[in-house]
Amino acid sequence: MPLIGTSDLDVFPLALGGNTFGWTSDEAESHSVLDAFVAGGGNFVDTADVYSAWADGNSGGESETVIGTWLAQGGASRRDQVVLGTKVSQHPEFPGLGAANVVAAADASLTRLQTDHIDLYWAHFDTGDDLAETLGAFDALQKAGKVRHVGISNFSPERITEWVEIARSEGFAAPVALQPHYNLVTRKAYERDLAPLAALNQLGVTPYFSLAAGFLTGKYQTRDDIAGARSGNIEGYFSDEGLDVVAALSDIASAHQVEIATIALAWLQAQPRVVAPIASARTLEQLPALLASASVALSADELAALETVSARVAE
C-alpha cells in the first residue's frame, strides 16, 4: 500500500470519509460500513471534529463518537488496523487554530474517538491564526505522542509555503499531507496552484469531494434530479460540460464492467502524488463501487479521454 508523503503511514488507496456517520448514517449503519471497508482491504478513515455540527440536533463530534464506539468494540487490534485522520479548527466549541484551542480540540477528539493517538491530524481550514503558534501546538501534540503526523487542508499556496518554512526554521516536524478540493470537474485551481507545492514538499494528496458531492456517480443527469438532493453542493458541479465528463466516465465504466463512481476515483488515484481520494458511503450498498477503484487500472487512452473532456469544464 502507498505511503502518505514522507510518513510511515501506509494506506489503502481509498480513504473512507466519515462525514455521514452520525448524520445521514446512524450508528448501526456506520458500523456496518466500517466493518465492510476493513473487510474489503481498507484501513484509512478520515473524519473531522466538526462533523456534523450543521445537522439539526447535532453539535459536532458525532462522526468521531461513532468511530470511537466502533473502535472500542474491536479492541486494540482494531485500532492497530486503522490509520485514523481527523481535523481541527471548525468545531463550534473549538474554533480556530490558536495553540490552546488546538490542544484542547485534540484532547476532545481523542476522548470521542476512544483512542490515545491520532495518526494524521489536519489543520482543517486556515482561520488566520499565527502559524508559528499553531505549529508549536501541533509539535507539542506530536512530542506527547497524541499525534503521529500533521496535514494541511484548505490553505492558500502562500500559507502552505509559510507553514513549511516555519516548520523548517523552528525544527518542527514537516507536514506530510495535503487535502484539497479536487476531482474530474474541479481541477484547475489544484493543478495550477497546489500540485506543484505538493510535489516540492513531498506531500501525499488525499482529495475531498472526490465524487463532486455525488455528481460523478452519474445519479444526476438533469436539474430536476438535483432539485430534491440533500446536498446543495451538487448544483455547483452541474453543467453541460460536467455531463460530458459523466458520459465519458459511463463509457469507460461499461468497458470495465464497474460503476461510474469507480472510474472517477480510479482517475484520481492515477494522478501524481494522489495517495487516497476520500469518498463516503452513506449505506453499505454504496461501498463496493468505492472499494473497486483500487483494482481498476485505466489505460493511457482512457486517461487521455478523461483528461480531454474534463479540461473543458469551466471553474
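This report concerns the structure included in the present document. Bear in mind the structure is a predicted one, so any value in this text is a computation, not a measurement. (Residues numbered from 1 in each chain as written. Predicted model: local features only at pLDDT ≥ 70, side-chain atom pairs only at ≥ 80, totals over all residues. Heavy atoms only, no water.)

Here we take up the overall build of the chain. Scanning the chain from terminus to terminus reveals 11 helices and 10 strands. Against the compact-globule benchmark of 20 Å for 315 residues, the chain has a radius of gyration of 19 Å, which places it among compact chains. Its C-alpha atoms give the chain principal-axis dimensions of about 50 × 40 × 35 Å. Per-residue burial for the chain yields a buried fraction of 55% across its 315 residues. Accessible surface, the chain as shown: approximately 12800 Å² in total, 50% of it carbon and sulfur. Positive and negative charge centroids in the chain, built from 18 and 40 side chains respectively, lie 2 Å apart. (Helix = DSSP H or I, 4+ residues; strand = E, 2+ residues; numbered from the N terminus. Rg over C-alpha atoms; globule rule 2.2 N^0.38 Å. Buried < 20%, exposed > 50% of the residue type's maximum accessible area, 1.4 Å probe, protein only. Areas by Shrake-Rupley, 256 points an atom, 1.4 Å probe, with all protein chains shown as cover. Lys, Arg positive; Asp, Glu negative; His and termini not counted. Charge placed at Lys NZ, Arg CZ, Asp CG, Glu CD.)

On to the layout of surface pockets. The space that makes up the largest pocket amounts to roughly 1300 Å³. Along its surface, the largest pocket is lined by 44 residues, and Asn-19, Thr-20, Ala-213, Gly-214 and Ser-280 are the ones closest to its centre. Secondary-structure elements contributing two or more residues to the lining of the largest pocket are helix 9 (260-269), strand 10 (278-279) and helix 10 (287-291). Its residues assigned to classes, the lining of the largest pocket comprises 20 nonpolar, 17 polar and 7 charged. (1 Å grid on protein atoms, 1.4 Å probe; cavity = no way out; pocket = protein on both sides within 12 Å on 5 of 7 lines; lining within 4 Å. Points joined across faces, edges and corners; volume = space filled by probe spheres on them. Nonpolar A, V, L, I, M, F, W, Y, C, P; charged D, E, K, R; others polar.)

Looking now at the nonpolar core. Among the nonpolar cores identified, the biggest contains 84 residues, and Tyr-121, Trp-163, Phe-215, Leu-216, Leu-249 and Leu-306 are the most heavily contacted of them. A total of 8 residues in this core trace back to one element, the largest contributor, which is helix 9. Contact partners of Phe-215, with chain neighbours within four places excluded, come to Val-185, Tyr-220, Tyr-237, Phe-238, Gly-242, Leu-243 and Val-246. Judged by nonpolar contacts, the second largest core, of 14 residues, contains Ala-15, Val-176, Tyr-208 and Val-275. (Core = buried A, V, L, I, M, F, W, Y, C linked by side-chain atoms within 4.5 Å. Contact = heavy atoms within 4.5 Å.)

Let us look at the pairing of strand 3 (residues 83-88). Of all the 6 residues making up strand 3, 6 are buried; the element is thus mostly covered by neighbouring parts of the structure. By the alternation rule, side chains of strand 3 split into Val-83, Gly-85 and Lys-87 and Leu-84, Thr-86 and Val-88, which are all buried. The pairing of strand 2 (residues 44-46) with strand 3 spans 3 bridges and is parallel. Within strand 3, the residue paired with Asp-46 across the bridge is Gly-85. Traced from strand 2 through helix 2 (residues 62-81) to strand 3, the parallel crossover comes out right-handed. (Pairing = 2+ DSSP bridges. Right-handed = clockwise from strand over helix to strand, strands pointing away.)

With 6 of 6 residues buried, strand 6 (residues 118-123) lies mostly within the body of the structure. Pairing of strand 3 with strand 6, which is carried by 4 bridges, proceeds in the parallel orientation. The residue bridging Gly-85 from the neighbouring strand is Leu-120, located in strand 6. Bridge count for strand 6 against strand 7 (residues 147-153) is 5 bridges, and the pairing is parallel. Bridging from a neighbouring strand, Leu-120 pairs with His-149 of strand 7.

The parallel open sheet is built from 8 strands, whose spatial order is 9-8-7-6-3-2-1-10. Only two strands of the sheet have a single partner each, and these edge strands are strand 9 (204-205) and strand 10. Alignment of strand 8 (residues 177-179) against strand 9, held across 2 bridges, turns out to be parallel. Considered in strand 9, the bridge of Ala-177 is made with Gly-204.

Moving on, we come to the pattern of salt bridges. Evaluated as defined, the whole model comprises 13 salt bridges. Two residues, Lys-146 and Asp-107, come together in a salt bridge whose shortest N-O distance is 2.8 Å. Taken together, the residues span a long stretch of sequence, with Lys-146 in the loop between helix 4 (131-143) and strand 7 and Asp-107 in helix 3 (residues 99-113) at a distance of 39 residues. As a salt-bridge pair, Arg-187 and Glu-191 come within 2.9 Å of each other at their nearest N and O atoms. Connected via shared salt-bridge partners are Asp-8, Arg-79, Asp-119 and Arg-148. (Salt bridge = Lys/Arg side-chain N within 4 Å of Asp/Glu carboxyl O.)

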